[in-house]
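# Breakdown of the fold
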Amino acid sequence: MNESSETVPFFFTADNLKQAEDVIRRYPSGKQAAATMPLLDLAQRQAGWLPRTAMDYVANLLQIPSISVYEVATFYTMYRLHPIGRYHVKICTSISCFLCGSGKILQTCRDILCINFGETTIDKQFTIDEIECAGACVNAPIVQIGDDYFEDLDGVSMRKILESLKRGEQPKAGSQRGRQCSCPAGGPTTLKTED
Amino acid sequence: MPKLTIDGIAIEVEPGSTVLQACEQLEIEIPRFCYHEKLSIAGNCRMCLVEVSPGPQKPQASCALPVADGMVVKTDSPMVRKARRGVMELLLINHPLDCPICDQGGECDLQDQAMAYGGNSSRYHEEKRAVADKYLGPLIKSHMTRCIHCTRCIRFMTEIAGVHELGAVFRGEHMEITTYVGKALESELSGNLVDLCPVGALTSRPYAFTARPWELRTTESVDILDALGSAIRIDSRGAQVMRILPRMNEDINEEWISDKTRHACDGLLIRRLDTPYVRHDGKLQPVTWREALTAVAKRLKTLKPEQIAAIAGDLADCESMIALKDLMGSLGVVNIDCRQDGAALDTAVPAAYRFNTTIAGVDLADVILLIGTDPRREAAVLNARLRKRWLTGHVEIATIGTPVDLTYPAQSLGDGPAVLIELIEERHPFSQKLKMAKRPMLILGQGALARSDGMAVLGLVRRLAETANMIQEGWNGFNILHTAAARVGGLMLGFVPGQGGHGVTAILDQASRGTISFLYLLNADEVNLSTLDRTFVVYQGHHGDAGAKRADVILPGAAYTEKNALYVNTEGRVQNTKLAVFPPGHAREDWKIVRALSERMGRPLPYDTHADVRARLVAVDAAFATVGVTPAPAAWGVFGEATSFTESLPLRTCHENFYRTDPISRASSKMAECAEVQAELESIKKSIKKGHHLGQEREDD
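## Description of the overall build of chain B
Scanning chain B from N- to C-terminus turns up 22 helices and 28 strands. Taking 2.2 N^0.38 as the reference for a compact globule, 701 residues should give roughly 27 Å; the C-alpha atoms of chain B span a radius of gyration of 28 Å, in line with that estimate. In terms of overall dimensions, chain B has C-alpha extents of about 90 × 60 × 55 Å along its principal axes. Burial status across chain B gives 58% buried among its 701 residues. Expressed as a percentage of contacts within chain B between residues at least 6 apart in sequence, the contacts between residues at least 24 apart total 70%.

## Description of the overall build of chain A
Helix and strand counts for chain A come out as eight helices and six strands. Each of the three principal axes of chain A carries a C-alpha extent, and together these read 60 × 50 × 30 Å. Across the 195 residues that make up chain A, the buried fraction comes to 45%. Summarising the internal contacts of chain A: among those between residues at least 6 apart in sequence, 61% fall at separations of at least 24. Total accessible area computed for chain A in this model is approximately 10,700 Å², and 53% of it derives from carbon and sulfur atoms. Across chain A, the 20 positively charged side chains and the 23 negatively charged ones have centroids separated by 3 Å.

## A closer look at the packing of helix α3 (residues 36–47) of chain A against helix α5 (residues 66–75) of chain A
Residues and elements named next belong to chain A. At a minimum axis separation of 11 Å, α3 and α5 run at an interaxial angle of 70 degrees. Classed by the angle they form, the pair α3 and α5 counts as roughly perpendicular. The segment α3 lies against α5, with Thr36, Met37 and Leu40 engaging Val69, Val72 and Ala73. Across the contact of α3 with α5, the residue classes break down as five nonpolar, one polar and no charged.

## Here we look at the environment of Ser157 of chain A
Within the secondary structure layout, Ser157 of chain A lies in helix α8 (residues 155–166). Apart from the residues lying within four places of it in its own chain, the contact partners of Ser157 of chain A are Asp152 and Gln176 of chain A.

## Side note on the domain arrangement of chain A
Partitioning chain A into domains gives domain 1 (3–75) and domain 2 (87–175). Distance from the C-alpha centre of domain 1 of chain A to the C-alpha centre of domain 2 of chain A: 29 Å.

## Quick word on the nonpolar core
Residue and element names in this part refer to chain B. One finds Phe156, Ile368 and Leu382 to be the most contacted residues of the largest nonpolar core, which totals 109 residues. Of all the elements, helix α4 (residues 152–161) adds the most residues to this core, at six residues. Those residues in contact with Leu382 that sit more than four places away from it in its chain are Leu228, Phe355, Ile359, Val362, Ile443 and Leu481. Ala297, Ala351, Val419 and Ala465 belong to the second largest nonpolar core, which has 87 residues in total.

## Examining the packing of aromatic side chains
In this structure the tally under the stated criterion is 14 aromatic pairs over all chains. Centroid distance Phe10 of chain A to Tyr57 of chain A: 5.5 Å. Interplanar angle 70 degrees. Geometry classified as edge-to-face. Here Phe10 of chain A, found in the loop between α1 (4–7) and α2 (14–25), pairs with Tyr57 of chain A, found in helix α4 (residues 52–62); they are 47 residues apart in sequence, far enough to count as distant. Just as Phe10 of chain A is buried, Tyr57 of chain A falls in that class too. When the centroid spacing of 5.7 Å and the interplanar angle of 25 degrees are considered together, the rings of Phe518 of chain B and Phe536 of chain B count as stacked.

## Some points on the pattern of salt bridges
Residue and element names in this part refer to chain A. The full count for this structure, using the stated rule, is 56 salt bridges over all chains. Asp147 is the salt-bridge partner of Arg45, the closest N and O atoms lying 2.8 Å from each other. You can see Arg45 sitting in helix α3 and its partner Asp147 sitting in the loop between β4 (143–145) and β5 (148–151), a full 102 residues away along the chain. A single burial state applies to Arg45 and to Asp147, both of which are exposed.

## A few points about unusual backbone geometry
The omega torsion across Ala140 of chain A and Pro141 of chain A is -5 degrees, close enough to zero to call that bond cis. Its place among the elements puts Pro141 of chain A in the loop between β3 (126–131) and β4. Residue Pro54 of chain B is reached from Ser53 of chain B by a cis peptide bond, and omega for that bond is 0 degrees. Assignment of secondary structure puts Pro54 of chain B in the loop between β3 (49–53) and β4 (60–61). Positioned with a positive phi, Asp281 of chain B is a non-glycine residue whose angle comes to about 50 degrees. Counting through the fold element by element, Asp281 of chain B comes out in the loop between β13 (277–280) and β14 (283–286). Its identity as a non-glycine residue notwithstanding, Asn523 of chain B has a phi of 55 degrees, on the positive side. According to the relative accessible area criterion, Asn523 of chain B is buried, its value standing at 2%.

## Topic: the state of the cysteines
Each disulfide consists of one covalent bond between the sulfur atoms belonging to two cysteines. Residue and element names in this part refer to chain B. Summed over the entire model, instances satisfying the criterion amount to zero disulfides over all chains. Here Cys48 stays unpaired: no disulfide links it, and the sulfur of Cys63, its closest cysteine neighbor, is 3.7 Å away. The exposure class of Cys48 is buried, given its relative accessible area of 1%. Of the cysteine sulfurs around Cys265, a residue in no disulfide, the closest is that of Cys674, at 12 Å. Overall, the relative accessible area of 8% leaves Cys265 in the buried class.

## A look at helix α18 (residues 590–600) of chain B
Since the α-helix advances by 3.6 residues per turn, residues separated by three or four positions end up pointing in the same direction. Residues and elements named next belong to chain B. Among the residues making up α18, those that are buried are Asp590, Trp591, Ile593, Val594, Arg595, Leu597 and Ser598. The secondary structure elements touched by the buried residues of α18 are α7 (289–301), α8 (318–331), β24 (518–522), β25 (536–541), β26 (553–556) and α19 (610–620). Looking one or two places after α18, you find Gly602, whose phi comes out positive at around 80 degrees.

## Let's talk about a nonpolar patch on the surface
Side chains of Met37, Phe75 and Tyr76 of chain A sit close together on the surface and give an oily, nonpolar patch of about 250 Å² of accessible area. Checked against the element boundaries, Phe75 of chain A lands in helix α5.

## Quick word on the sheet that holds β26 of chain B
Residue and element names in this part refer to chain B. An order of β14-β13-β26-β25-β24-β15-β16 is seen for the seven strands of this open sheet, with the pairing classed as mixed. Every interior strand has two partners, whereas the edge strands, β14 and β16 (336–337), have only one. Where strand β15 (residues 308–312) lies against β16, two bridges are found, and the strand directions are parallel. When the sheet's bridge partners are listed, Ile311 is paired in β16 with Asp337. Seen against the sheet, α8 touches β15, β16 and β24 and runs at an angle of roughly 160 degrees to β24. The strands that α18 touches are β24, β25 and β26; relative to β25, the one it contacts most, it runs at about 140 degrees.

## Here's the deal with helix α2 (residues 78–93) of chain B
Residue and element names in this part refer to chain B. When the terminal C-alpha atoms of α2 are compared, their 23 Å separation across 16 residues agrees well with the 22 Å that a helix rising 1.5 Å per residue should span. Within α2 the residues assigned to the buried category are Val80, Ala83, Arg84, Val87, Met88, Leu91 and Ile93. At its buried positions, α2 is contacted by β3, β5 (72–74) and α3 (109–117).

Cut-off values and rules
Residues numbered from 1 in each chain as written. Chains lettered and ligands numbered in written order. Predicted model: local features only at pLDDT ≥ 70, side-chain atom pairs only at ≥ 80, totals over all residues. Heavy atoms only, no water. Helix = DSSP H or I, 4+ residues; strand = E, 2+ residues; numbered from the N terminus. Rg over C-alpha atoms; globule rule 2.2 N^0.38 Å. Buried < 20%, exposed > 50% of the residue type's maximum accessible area, 1.4 Å probe, protein only. Contact = heavy atoms within 4.5 Å. Areas by Shrake-Rupley, 256 points an atom, 1.4 Å probe, with all protein chains shown as cover. Lys, Arg positive; Asp, Glu negative; His and termini not counted. Charge placed at Lys NZ, Arg CZ, Asp CG, Glu CD. Axes fitted to C-alpha atoms, helices over the stretch in contact; angles between N-to-C directions. Parallel < 35°, antiparallel > 145°, perpendicular 65-115°, else oblique. Nonpolar A, V, L, I, M, F, W, Y, C, P; charged D, E, K, R; others polar. Domains from an automatic or database assignment. Core = buried A, V, L, I, M, F, W, Y, C linked by side-chain atoms within 4.5 Å. Phe/Tyr/Trp six-rings, centres within 6.5 Å; stacked < 30°, edge-to-face > 60°. Salt bridge = Lys/Arg side-chain N within 4 Å of Asp/Glu carboxyl O. Disulfide = S-S within 2.5 Å. Patch = residues over 30% accessible without salt bridge, like charges linked within 9 Å, V, L, I, M, F, W, Y side chains within 5 Å. Pairing = 2+ DSSP bridges. Expected span 1.5 Å × (residues − 1).

Spelled out as structure tokens, the structure:
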């Protein structure tokens with residue numbers, strides 16, 4: 001918990017408040033607690049992380065005790081309790097990615113950003129984190145940045161992605177080797193001809 | 001009813017019970033940490049494992065396993081022993097080996113059960129986890145590294161206390177019990193967490209490092225800091241009360257006590273009157289008993305009966321009240337009163353001033369109407385009972401009076417006495433609900449009666465009880481919630497103005513005008529003594545509080561932990577406090593002081609021993625013969641004034657500050673600290689309310 005967690009003022013923007021109300025309406029009355037997780041996610045998207053004021057705000061919105069929201073927010077690792085950089089680079093280091101070279105990916109990130117796992121660059125642009133299997137083993141190694149998966153990475157493509165992010169561009173998500181979704185890496189192996 | 005076999009013994013139990021409960025019926029000990037019979041079942045400590053067939057060949061948690069017909073349970077098989085030893089080993093992995101410096105040592109469930117069910121050594125050589133301690137307020141000391149995550153504290157706070165502030169944050173090995181925000185628990189029952197915690201994670205802050213359980217002498221007594229008479233256990237060492245713990249009494253407090261009951265005991269050592277005093281030249285001088293009593297007797301002899309008055313306060317015991325009443329009676333004094341807050345309590349019939357439904361009877365009520373009372377502050381344990389009733393469902397709770405936070409939702413019907421008339425005349429929407437109710441009850445607080453038209457309010461509430469069908473065969477839904485332990489006893493003994501006598505308000509008024517020139521205060525500190533410049537005031541009591549400050553003669557008495565005395569709780573239940581330690585210095589048991597005074601005046605009261613006084617009490621009211629039992633239902637009658645109210649002011653609750661209501665709690669530094677923290681929390685709450693106006697808006701649409 002850092003200082004600002006208690007002092008950062010938090011309110012949903014008008015758009016988000018409307019969205020939040022739509023979410024709350026999905027559940028029967030008296031069961032608004034069910035909306036805790038989507039609302040926390042919405043709050044995190046708005047603020048970039050979850051200051052305590054945001055959790056209190058969500059609790060107040062749902063008329064549930066604050067502690068119930070704290071319990072949920074601290075249980076799941078995808079809720080961020082500390083401020084992070086604008087781009088959250090989550091590097092999978094589980095078995096498939098590890099075998100396909102996630103070490104190289106991590107090294108590239110370290111070299112370019114000069115930070116380690118759990119750290120944020122001084123300009124508050126990048127945070128890198130280690131995650132467990134992201135469920136994209138076929139396209140290993142992968143990195144998740146924000147909501148996007150960047151797949152089939154190697155040192156060069158990782159560097160390109162980070163540099164284009166630095167320039168403020170939006171690099172193309174998905175396979176960096178140009179394959180379609182999870183097709184075989186060496187091109188189709190069956191149904192090669194039309195008949 | 002399902003029949004099962006436990007360790008070869010056949011037993012038939014209520015359907016829906018758990019295997020653990022069935023074992024308890026056979027008095028087979030099942031070790032447990034998370035299971036507590038008053039809390040919901042969590043099933044997370046796994047200590048209560050038993051072997052059950054038919055079923056999978058693995059041990060099962062008996063606390064969460066419902067009984068089934070034909071079950072065969074083994075509680076002491078090799079499999080069970082091995083499983084429990086394994087669970088214990090895992091529980092101890094992160095538990096520090098600091099028993100010698102742990103306050104729970106000697107009364108620790110984990111310690112005891114590790115001895116009984118654990119292995120003989122640890123195979124764990126890795127590092128143990130450490131958890132930062134949490135701030136939970138001035139009464140609870142935390143040492144969270146010792147926590148085994150049984151979650152009893154969370155369940156108690158959420159379910160019984162109704163304060164959703166404790167929770168488990170993070171997960172797995174990183175799980176921590178916390179308020180997350182490091183603020184004091186906002187509950188009058190938080191002290192019970194210390195009893196519930198099976199390890200030394202939550203211990204009592206005031207009692208920290210002062211004594212070991214085996215050094216303490218235990219005395220079973222009752223509490224007198226509110227009018228419930230909760231069962232307590234006084235643990236003392238030498239001449240000092242070290243701590244107060246609850247005892248089980250299903251009829252009153254189940255197994256909880258309020259923080260005031262538990263932690264005001266440090267006030268028993270502070271500001272004590274330990275020697276008689278007489279005021280000479282405006283200053284109180286210590287004197288001998290003989291001198292003090294002579295001073296009082298001399299003054300009394302020069303006065304006419306109508307110049308004399310006596311007031312009994314909130315903590316007076318029945319023995320001293322009957323002795324003082326008899327003494328005043330022998331002098332022909334009729335200006336006596338035990339209702340020092342000026343509450344209009346009618347002694348016409350006992351039902352008029354008792355909690356007739358009984359505290360356990362709350363469990364049966366289906367409509368509960370709270371009138372001018374805040375049970376959370378006036379009787380915290382009763383409030384837990386009301387909350388329990390609310391949790392069971394199918395109950396309507398409504399309040400009349402200034403709004404209060406009760407920890408359960410209650411519909412506010414209005415704040416003035418006009419609502420009572422609307423209800424009597426069935427013009428109020430809530431009347432329908434009262435009509436439908438089978439066992440409606442109302443609780444009338446002292447705040448509603450301590451006003452100039454109190455008698456009229458009492459009369460209105462009586463009529464409401466009658467029209468709303470609260471008085472039935474076998475059910476009396478009319479309840480007065482007292483705040484003083486002495487009150488019902490005083491009313492039973494008739495410590496009220498005699499023919500032509502004055503009540504408290506008139507006594508003080510006459511005294512300020514000089515018509516009454518002698519005032520005897522028996523434990524009475526909460527009366528306005530500021531205008532009594534011309535009155536000779538005798539104060540008998542145990543603390544140097546308001547009464548002693550103004551007194552001309554001080555007669556030092558004994559506190560409730562220092563005497564065997566009778567008190568009557570708000571239900572009319574006669575209970576006995578026990579002597580745990582002796583009164584300090586020259587202080588004496590209260591009835592003996594009055595007896596000695598009567599001797600000095602040449603009008604000795606006709607009782608010399610405690611047994612004689614008790615016999616006199618029984619002669620006044622036969623109920624004093626049966627101590628500790630639920631009183632027989634009181635006959636209904638007409639009481640209160642038939643007139644309408646004259647003030648339209650809201651019906652106010654009477655306690656401004658839960659932690660500082662009587663001389664003992666006002667002397668207690670712990671209670672002072674609690675009151676301070678409470679005030680801080682209130683101000684934080686106000687600022688939070690302001691901060692969340694956006695969320696508030698949503699509610700409005």
